[in-house]
Amino acid sequence: GQQVQQSPASLVLQEGENAELQCNFSTSLNSMQWFYQRPEGSLVSLFYNPSGTKQSGRLTSTTVIKERRSSLHISSSQITDSGTYLCAMVDNTNTGKLTFGDGTVLTVKP
Amino acid sequence: DPKIIQKPKYLVAVTGSEKILICEQYLGHNAMYWYRQSAKKPLEFMFSYSYQKLMDNQTASSRFQPQSSKKNHLDLQITALKPDDSATYFCASSQDPNLSNERLFFGHGTKLSVL
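Nothing here was measured: the structure is a model prediction, and the numbers come from that model. (Residues numbered from 1 in each chain as written. Chains lettered and ligands numbered in written order. Predicted model: local features only at pLDDT ≥ 70, side-chain atom pairs only at ≥ 80, totals over all residues. Heavy atoms only, no water.)

Applying the stated criterion across every chain, the model contains two disulfides over all chains. Note on cysteine connectivity: Cys23 of chain A is disulfide-linked to Cys87 of chain A, with sulfurs 1.8 Å apart. The sign of the 70° torsion about the S-S bond sets the Cys23 of chain A-Cys87 of chain A disulfide as right-handed. Of this pair, Cys23 of chain A sits in strand β3 (residues 19-25) while Cys87 of chain A sits in strand β9 (residues 83-90), and the two are 64 residues apart along the sequence. Both residues of the pair, Cys23 of chain A and Cys87 of chain A, belong to the buried class. At a sulfur-sulfur separation of 1.9 Å, the disulfide partner of Cys23 of chain B is Cys91 of chain B. Around the S-S axis, the bridge from Cys23 of chain B to Cys91 of chain B shows a dihedral of about -70° and counts as left-handed. Residue Cys23 of chain B is found in strand β3 (residues 19-25), and its partner Cys91 of chain B is found in strand β9 (residues 87-94); the two are separated by 68 residues along the sequence. Of the two residues examined, Cys23 of chain B and Cys91 of chain B, each falls in the buried class. (Disulfide = S-S within 2.5 Å. Helix = DSSP H or I, 4+ residues; strand = E, 2+ residues; numbered from the N terminus. Buried < 20%, exposed > 50% of the residue type's maximum accessible area, 1.4 Å probe, protein only.)

Have a look at this one:
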């Protein structure tokens, strides 16, 4: 089975609404990372988060490693937040390998 | 101003041919990677290099060969191309291959179509 499960698969919001994206891991992990993939395909690093809560502007990432889960909260969504949000797990091999989920496709409407 | 440069941006190839995807990073990073994103599949790790040495190879086929001529270069040679190789290939880099506390930076990708 897939090691990294993301939910929901897709989400439609009205501008200004909040979103909660989930990521669950089926195996033990050292850390995890969140990325944003723009509609044209480029990838942007949002967070690396081995544990606890990190915030950057309207984005908050919370990781509970023991429970093998992480969430990404987007507050006051904007149209420009539309795109795909990817989470990835970092295993303990220290070879730089990330295992990605399928992503959550977010659409923010005016 | 992109700090990880991938060339070309788009590439069309015929089945059986050979292509080289170019990647250069100007972030001063020590580790470089290749990932692949095919239609309806998650972004998939292929290779990692640190100080120009292979760290990890998750690609089953020997048709994919990374080439590191300089510390900030990691090209990807693909031989005997097949239609299934059609995907967007992303180059990435980080300061250190231990990504527990390091960001991973991606290039804009090379979209390869094999006819």
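This is not the end of the story, as more comes after the structure.
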